[in-house]
Amino acid sequence: MPGEPWSSGVRRGPDGALTVAGVDVRELAAAQGTPAYVLDEADLRERARSYRRAFEAAFAEVGAGVDVYYAGKAFLSVAVARWVRAEGLRVDTATGGELAVALRADVPGEHIGLHGNNKSDAEIVRALEAGVGRIIVDSLAEVERVAAASRARGGVPAPVMIRVTTGVHAGGHEYISTAHEDQKFGLSLATAPDAQAEDSPAMTALLAVLAHPELELLGIHSHIGSQILDPSGFEVAARKVLELRAALAERTGFLVPEVDLGGGYGIAYLPGEVALDPDRIAKDVAASVAASSADLGTPLPRFSIEPGRAIVGPAGLTLYTVGTVKPVRVGGAAGDGEAESTTVRTYVSIDGGMSDNIRPALYGANYHAELANRLSDAAPVLARVVGKHCESGDIVVHDVLLPGDVRAGDLLAVAATGAYGRSMASNYNHVPRPPVVAVTDGGTRVLIRRETEDDLLALDLG
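Residues numbered from 1 in each chain as written. Predicted model: local features only at pLDDT ≥ 70, side-chain atom pairs only at ≥ 80, totals over all residues. Heavy atoms only, no water.

Student: When you look at helix H1 (residues 25-32) in this model, what are you seeing that I'm missing?
Tutor: Every α-helix carries 3.6 residues per turn, so stepping three or four residues along brings you back to the same face. Among all positions in H1, only Val25, Leu28 and Ala29 are buried. One side of H1 carries all its buried residues, which in axial view fall inside an arc of 100°. In H1, those exposed residues whose orientation departs by more than 90 degrees from the buried face are Glu27, Ala30 and Ala31. The residue sitting at the N-terminus of H1 and contributing the capping side-chain oxygen is aspartate 24; that oxygen lies 2.7 Å from the backbone nitrogen of arginine 26. (Buried < 20%, exposed > 50% of the residue type's maximum accessible area, 1.4 Å probe, protein only. Helix = DSSP H or I, 4+ residues; strand = E, 2+ residues; numbered from the N terminus. Arc of directions from axis to C-beta. Polar contact = N/O pair within 3.5 Å; in protein donor to acceptor, adjacent residues only side chain to side chain.)

So this is what it looks like as structure tokens:
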């Protein structure tokens with residue numbers, strides 16, 4: 001069993017070939033082609049259960065309830081929505097398209113949340129028609145737009161939460177840190193330095209919701225970033241949100257019933273890395289919010305969290321076929337009194353690339369790859385796994401040791417690609433997107449079929 005960053009169902013057989021949930025990747029490649037996203041269903045379900053059980057147990061100990069929402073933006077399909085629903089999770093969506101998938105999967109509307117910093121009127125109306133359990137409002141203007149949509153439907157109160165930015169900067173990259181001030185999400189807790197008496201944007205939005213009979217204020221929402229491996233940020237952000245809740249209650253007498261602490265729980269992408277442990281983070285956060293509420297003299301609200309990557313990321317791998325293998329000399333020229341420094345890096349080209357995994361190019365994300373179809377006793381070489389696209393930045397794995405005899409026709413498996421691979425995939429260079437294939441108990445099932453050139457051409461009206 002290779003262990004992290006691979007899913008729990010990955011094994012390497014005596015002949016060196018990887019299997020996933022009992023399925024030989026060579027057979028899978030022969031049947032489905034490559035590249036292909038491979039999703040270990042049992043592993044995904046177990047991670048969903050682990051988060052739900054850990055948080056339910058930890059929060060029950062401090063006297064609070066908690067709901068776990070699967071963050072569909074990581075990867076959402078009808079089957080995955082059904083799997084997480086069966087494991088007791090709700091579903092968080094960020095667009096009308098994701099909402100449509102959750103509804104197709106028969107997730108009850110009241111167990112769906114709708115996010116988005118720029119929801120269209122059509123998305124808001126669709127959410128109200130579907131009876132979603134909460135709309136996470138992201139701006140002052142959206143308060144008015146949701147209220148107007150509710151009035152147009154007869155004034156049935158729309159359940160809303162206000163997303164706030166706590167000033168806590170967390171996450172693996174600037175683009176996935178979402179709670180600092182200078183970015184597009186949420187309403188700040190801070191007041192303008194030259195207007196000490198004014199309310200913060202967050203407080204202003206909460207008061208605006210309470211002033212609208214068409215809106216039901218469910219609570220306050222915070223999300224501080226993604227791929228977070230230090231749990232202290234969650235505790236600091238939770239304290240700030242609970243302080244805002246207490247301040248609103250002191251001012252208006254209304255104590256919001258729910259606080260959402262967001263997601264962003266980090267996973268292992270490379271051998272030796274350690275993911276956040278659900279039991280540890282649940283106990284730490286539960287103890288922190290209990291202490292904060294006691295200090296503030298307010299009863300605990302109901303809480304919710306939104307893991308996505310932590311559930312689906314490690315459950316997936318991407319299978320590729322090797323094409324061109326090219327040794328390239330790298331290094332600088334010799335300076336005064338120095339010998340020339342030359343290193344050979346082996347560029348291993350695969351039949352996919354940045355169209356099926358944009359994260360290395362977008363975020364500088366690191367991944368791990370291994371030869372998947374055979375044993376090799378060749379000495380390892382420093383390799384860079386690159387794609388087939390017309391970009392020098394088309395890199396899937398920046399640096400990895402692969403057997404020196406890696407060659408055309410070999411299979412490479414890249415670990416921990418279940419999150420943000422397929423969901424961020426594109427048709428760059430008119431490359432069709434790969435299929436998503438679920439594996440369980442020695443069998444396979446195609447969840448999303450491979451795109452074809454006919455699919456691409458069907459959109460081109462000439």
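Student: Sorry, what's going on with the sheet that holds strand S2 (residues 18-20) here?
Tutor: Backbone-to-backbone hydrogen bonds join strands into a sheet, with any given pair of strands oriented parallel or antiparallel. Here 3 strands make up an open sheet; going across it, the order is S1-S2-S3 and the pairing antiparallel. Among the strands making up the open sheet, the edge pair consists of strand S1 (10-12) and strand S3 (23-24). With 2 bridges joining them, S2 and S3 adopt antiparallel strand pairing. Looking at the pairing, threonine 19 lines up with aspartate 24 of S3. (Pairing = 2+ DSSP bridges.)

Student: Just to check I follow, could you spell out helix H6 (residues 140-152) for this structure?
Tutor: A rise of 1.5 Å per residue sets the reference length of H6, with its 13 residues, at 18 Å; its end C-alpha atoms lie 19 Å apart and thus fit the reference within 8%. Every buried residue of H6 is listed here: Glu142, Val143, Val146, Ala147, Ala149 and Ser150. Angular distribution of buried residues about the axis of H6 spans 160°; they occupy a single face of the element. Summarising the geometry of H6, the exposed residues directed more than 90 degrees from the buried face are Ala141 and Ala152. Contact partners of the buried residues in H6: helix H5 (121-130), strand S8 (134-137), strand S9 (158-165), helix H7 (201-210) and strand S11 (215-222). One or two positions beyond H6, positive phi appears at glycine 154, with a value near 105°. (Expected span 1.5 Å × (residues − 1). Contact = heavy atoms within 4.5 Å.)

Student: I'm lost on the packing of aromatic side chains in this one. Help?
Tutor: This structure, assessed with the given rule, holds 7 aromatic pairs. Consider the rings of phenylalanine 55 and phenylalanine 59, whose centres lie 5.9 Å apart with planes at 25°: the pair is stacked. One end of the pair, phenylalanine 55, and the other, phenylalanine 59, are both in helix H2 (residues 41-61), 4 residues apart, so they sit about a helical turn from each other. In this pair, the class of phenylalanine 55 matches that of phenylalanine 59, namely buried. In this structure an aromatic cluster arises from ring pairing among Tyr51, Phe55, Phe59, Phe234, Tyr265 and Phe303. Stacked on the ring of tyrosine 69, the Lys or Arg arginine 134 has its end atom at 3.8 Å from the ring centre. (Phe/Tyr/Trp six-rings, centres within 6.5 Å; stacked < 30°, edge-to-face > 60°. Lys NZ or Arg CZ within 6 Å of the ring centre and 35° of its normal.)

Student: Please clarify how the packing of helix H8 (residues 232-252) against helix H9 (residues 278-296) should be interpreted in this entry.
Tutor: Working note: a packed helix pair is described by the angle between its axes plus the distance between those axes. Look at H8 against H9: their axes get within 9 Å of each other, and the N-to-C directions meet at 30°. When the interaxial angle is binned, H8 and H9 end up roughly parallel. The way H8 lies across H9 gives a crossing that is right-handed. Every residue of H9 that contacts H8 at Phe234, Glu235, Ala238, Arg239, Leu242, Glu243 and Ala246 is listed here: Ile281, Asp284, Val285, Ser288, Val289, Ser292, Ser293, Asp295 and Leu296. Tallied by class, the residues present in the contact of H8 with H9 amount to 8 nonpolar, 3 polar and 5 charged. (Axes fitted to C-alpha atoms, helices over the stretch in contact; angles between N-to-C directions. Parallel < 35°, antiparallel > 145°, perpendicular 65-115°, else oblique. Left-handed = near helix turned anticlockwise from the far one by under 90°. Nonpolar A, V, L, I, M, F, W, Y, C, P; charged D, E, K, R; others polar.)

Student: How should I be thinking about the UniProt feature "binding site: substrate" (unreviewed entry) in the protein in this particular structure?
Tutor: As recorded in UniProt, the sites labelled "binding site: substrate" (unreviewed entry) are Arg309, Arg359, Tyr363, Glu391 and Tyr420. For the annotated residues, spread through 112 residues, the largest C-alpha to C-alpha distance comes to 27.0 Å, inconsistent with a single compact locus. Following the sequence through the fold, glutamate 391 ends up in the loop between strand S17 (380-386) and strand S18 (395-403). Once residues within four sequence positions are removed from consideration, glutamate 391 is found in contact with Met354 and Tyr428. Overall, the relative accessible area of 11% leaves tyrosine 420 in the buried class. In this view, tyrosine 420 contacts Lys73, Ala74, Arg309 and Arg359; residues no more than four positions away in its chain are not counted. (UniProt positions renumbered as here; feature names shortened; annotations may be inferred.)

Student: I would appreciate a short explanation of the nonpolar core in the present structure.
Tutor: Note on soluble globular proteins: their nonpolar side chains tend to be buried together. Membership of the largest hydrophobic core comes to 104 residues, with the highest contact counts inside it found for Leu39, Phe59, Tyr70 and Ile162. Core analysis: the second largest hydrophobic core is formed by 18 residues, Ala21, Val38, Ala413 and Val439 among them. (Core = buried A, V, L, I, M, F, W, Y, C linked by side-chain atoms within 4.5 Å.)

Student: Please clarify how the pairing of S9 should be interpreted in this entry.
Tutor: Consecutive residues of a regular strand have side chains that alternate between opposite faces of the sheet. Burial of S9 is extensive: 8 of the 8 residues sit out of reach of the surface. Burial along S9 is two-sided: the face carrying Ala158, Val160, Ile162 and Val164 and the face carrying Pro159, Met161, Arg163 and Thr165 are both buried. Considered for its hand, the β-α-β crossover made up of S8, H6 and S9 is right-handed. Taken together, the 7 bridges between S9 and S11 define a ladder with parallel strand orientation. Bridge pairing in S11 links proline 159 to glutamate 216. Across 2 bridges, the pairing between S9 and strand S10 (residues 187-188) is parallel. If you follow valine 164 over to S10, its bridge partner there is leucine 187. (Right-handed = clockwise from strand over helix to strand, strands pointing away.)

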